[in-house]
Amino acid sequence: MNSLVKVVQGVYHDSVSLMRVSQALSALQGVEVAVVAMATPLNLDLARDLGFEIPPAEPSELLVALRAEDVTAAAGELERLLGELSSRSVATESGGFPPRTTRSAARLGEGNLVLVSVPGEHAFGEALDAVEAGLPVMIFSDNVPVEQEVLLKRLAEERGGLVMGPDCGTSVIGGAGLGFANVLRPGPVGVVAASGTGAQQVTSLLDLAGVGVSQVLGVGSRDLSEQVGGVSAMRALRLLDEDPATELIVLISKPPAPEVAGAVREVVDKLRTPVVTALLGTSDGDLTSATAQVLDRLGRPVPDWPSWSRPVVKGSVRGLYSGGTLCTEASLITPGGFVDYGDDVFTRGRAHPMIDATLRLEALAKLEPGEVALMDVVLGHGADPDPALRLAPAIEAATRGDVQVVIALVGTEGDPQGLRRQAEALHQAGASVFTSNAQAARHAAGSAR
């Protein structure tokens, strides 16, 4: 095998795009390993761990490290892939160059929503430009200090605006999915969610029951905390109450601060539109039961949620999750050791686990015989285009080592990965698969569905 290592100045692409370039190169015949990433300390350490000698580099530079039988051919394919990324990011319809800042883009007056997806330390300035321009903003970025979140949301509230996020993983506005987004049918249910995967669970179950959504307004996982005070959730509830396409609202959150939950319920009581609350850790129950309440309120039957199960011998449950709300919900249902790999501490400098399952696969491989691995797999745009491709071999290896695997598969029939195709591949590999996270948690505990 031959190696190629170089650092390139003046080239920037986001981590997700570069990860997919790395995966495409790694899949080529004769390529042993490929690292194409911005030269952050984390990525430099990763390349060193893989045996590459790395020259001095700055985080603003592009790191390329290849080991292949024919590095010249691999480097040629790399140039082609990077060229495609550059061509997509430079040209605009007018043939000119795109605005370089949110402030300059807002001056054009052509947009009605700002989506911020930059490293967390740079998100505040872009979001502030959006708020000051009077535009609603969705902050997909995580690792944003809570003090900055509070400032942005209070300023937006003063101006009658809406800040969705930080750490807003999912929204659907005007039929367009933003962030991690499932393919959902249009319908009468509006969603306000201080939870990305919580919103995806409820809306995916609704879609499986034949019910669609009007809007999904994510507000960030900390919105109902004591520090933030539910500012965006209350604004979003009022906005959906004024939306003629919304006949019923669902409010979803990780366990809220009690006083904030009380303030939000006071707002709910004053709305004209009926609201179903799914506040985890309260008397509201789990997300699947909340979905059943929505269907009941709409006069629709509650179906048997699709599952592909295997017998599970009761054992110690180890939760290896990519979604924070799904992780919290499962931990409230069954005891065990739970880790949310989508937490800020794991995503700093690397792709989200819904895109890159590496950390979870490493954890799965370390489980002891007799343990039960409880995992979520979230489908939709933005997520891994074929999660079963990497997960199935790891599941097969785990089950050969007497580790039981239970998966909560969150998605719809319309998702590009194919819900049933993914479920069947994961089940064939040896996992029990449930479209309800709550049912998966109960199954993992060895209790009745």
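Nothing here was measured: the structure is a model prediction, and the numbers come from that model. (Residues numbered from 1 in each chain as written. Predicted model: local features only at pLDDT ≥ 70, side-chain atom pairs only at ≥ 80, totals over all residues. Heavy atoms only, no water.)

K.L.:
Help me understand the environment of Met1, please; the structure alone is not making it clear to me.
P.N.:
Residue placement: Met1 occurs in the segment before β1 (2-8). Sequence spacing of Met1 and Gly30 is 29 residues, and the spatial spacing of their C-alpha atoms is 8.6 Å. Leaving out residues up to four positions away in the same chain, Met1 has contacts with Gly30, Glu32, Arg67, Ala68 and Glu69. (Helix = DSSP H or I, 4+ residues; strand = E, 2+ residues; numbered from the N terminus. Contact = heavy atoms within 4.5 Å.)

K.L.:
Just to check I follow, could you spell out the side chain of Asp142 for this structure?
P.N.:
Mapped onto the fold, Asp142 is located in the loop between β5 (137-139) and α6 (146-158). When its relative accessible area of 17% is taken as the criterion, Asp142 is described as buried. Here the side chain of Asp142 touches Asn143 through a polar contact of 3.2 Å, side chain to side chain. Setting aside chain neighbours within four positions, we find Asp142 in contact with Gly120, Asp167, Asp344 and Thr347. (Buried < 20%, exposed > 50% of the residue type's maximum accessible area, 1.4 Å probe, protein only. Polar contact = N/O pair within 3.5 Å; in protein donor to acceptor, adjacent residues only side chain to side chain.)

K.L.:
Please clarify how helix α14 (residues 387-400) should be interpreted in this entry.
P.N.:
For α14, with 14 residues, the first-to-last C-alpha span of 20 Å sits near the 20 Å given by 1.5 Å per residue. Regarding α14, the residues found buried are Pro387, Ala388, Leu391, Ala392, Ile395 and Ala398. End-on, the buried residues of α14 take up no more than an arc of 135 degrees, which puts them together on one face. For α14, exposure combined with an orientation more than 90 degrees from the buried face picks out Leu389 and Arg400. (Expected span 1.5 Å × (residues − 1). Arc of directions from axis to C-beta.)

K.L.:
What exactly am I supposed to notice about the packing of helix α7 (residues 196-208) against helix α11 (residues 324-333) here?
P.N.:
In helix packing, the relevant descriptors are the interaxial angle and the interaxial distance, both defined with respect to the helix axes. With their axes 5 Å apart at the nearest point, α7 and α11 run at an angle of 75 degrees to one another. Considered as vectors, α7 and α11 are oriented roughly perpendicular to each other. Across from Thr197, Gly198 and Gln201 in α7, the residues of α11 making contact are Gly324, Thr325 and Leu326. When grouped by side-chain class, the residues that make up the contact of α7 with α11 number 1 nonpolar, 5 polar and no charged. (Axes fitted to C-alpha atoms, helices over the stretch in contact; angles between N-to-C directions. Parallel < 35°, antiparallel > 145°, perpendicular 65-115°, else oblique. Nonpolar A, V, L, I, M, F, W, Y, C, P; charged D, E, K, R; others polar.)

K.L.:
What should I look at first to understand the sheet that holds strand β13 (residues 307-308) in this one?
P.N.:
Strand pairing in a sheet is mediated by backbone hydrogen bonds. Such pairs are either parallel or antiparallel. Taken in spatial order, the 6 strands make up an open sheet running β13-β18-β17-β16-β14-β15, and their pairing is mixed. Either end of the sheet is taken by a strand with one partner, and the two such strands are β13 and β15 (337-340). Two elements, strand β14 (residues 317-321) and β15, share 4 bridges in a ladder whose sense is parallel. Residue pairing for β15: Leu320 is matched across the bridge by Val339. Strands in contact with α14 are β16 (372-378) and β17 (404-410); relative to β17, the strand with the most contacts, it is inclined by about 160 degrees. Where helix α16 (residues 437-444) meets the sheet, its contacts fall on β14, β16, β17 and β18 (432-434), and the angle it forms with β17 comes to roughly 170 degrees. (Pairing = 2+ DSSP bridges.)

K.L.:
Which parts of the structure should I look at to understand the packing of aromatic side chains?
P.N.:
To describe a pair of aromatic rings, you give the distance between the ring centres and the angle between the ring planes. Applying the stated criterion across every chain, the model contains 3 aromatic pairs. With centroids separated by 4.9 Å and ring planes inclined at 45 degrees, the aromatic side chains of Tyr341 and Phe346 adopt a geometry described as tilted. You can call Tyr341 buried: its relative accessible area is 11%. Note on Phe346: relative accessible area 28%, which makes it partly exposed. For Arg67, the ring lying beneath its charged end belongs to Phe52, and the centroid distance is 4.4 Å. (Phe/Tyr/Trp six-rings, centres within 6.5 Å; stacked < 30°, edge-to-face > 60°. Lys NZ or Arg CZ within 6 Å of the ring centre and 35° of its normal.)

K.L.:
In this structure, what is going on with helix α9 (residues 258-269)? I would like to understand it.
P.N.:
A turn of α-helix holds 3.6 residues, and therefore any two residues three or four places apart point the same way. Here α9 contains 12 residues, and its C-alpha end-to-end distance of 16 Å stays within 8% of the 16 Å for a straight helix at 1.5 Å per residue. Val260, Ala261, Val264, Val267 and Val268 are the residues of α9 that are buried. In a view along the axis of α9, the buried residues occupy a sector of 115 degrees, so they form one face of it. Exposed positions of α9 whose direction lies more than 90 degrees from the buried face are Pro258, Glu266 and Asp269. If you follow the buried residues of α9, they end up packed against α8 (231-241), β11 (248-253) and β12 (275-279).

K.L.:
What am I meant to see in unusual backbone geometry here?
P.N.:
Most peptide bonds take the trans configuration, and most residues that are not glycine carry a negative phi. For the bond from Gly165 to Pro166, the omega torsion is 5 degrees, close enough to zero to count as cis. Structurally, Pro166 is set in the loop between β6 (163-164) and β7 (170-173). The phi dihedral of Asn143 is positive, around 55 degrees, even though this residue is not glycine. In this fold, Asn143 is placed in the loop between β5 and α6. Located in the positive-phi region is Asp402, a residue other than glycine, with phi close to 65 degrees. Its location among the elements puts Asp402 in the loop between α14 and β17. By relative accessible area, which is 49% here, Asp402 ends up partly exposed.

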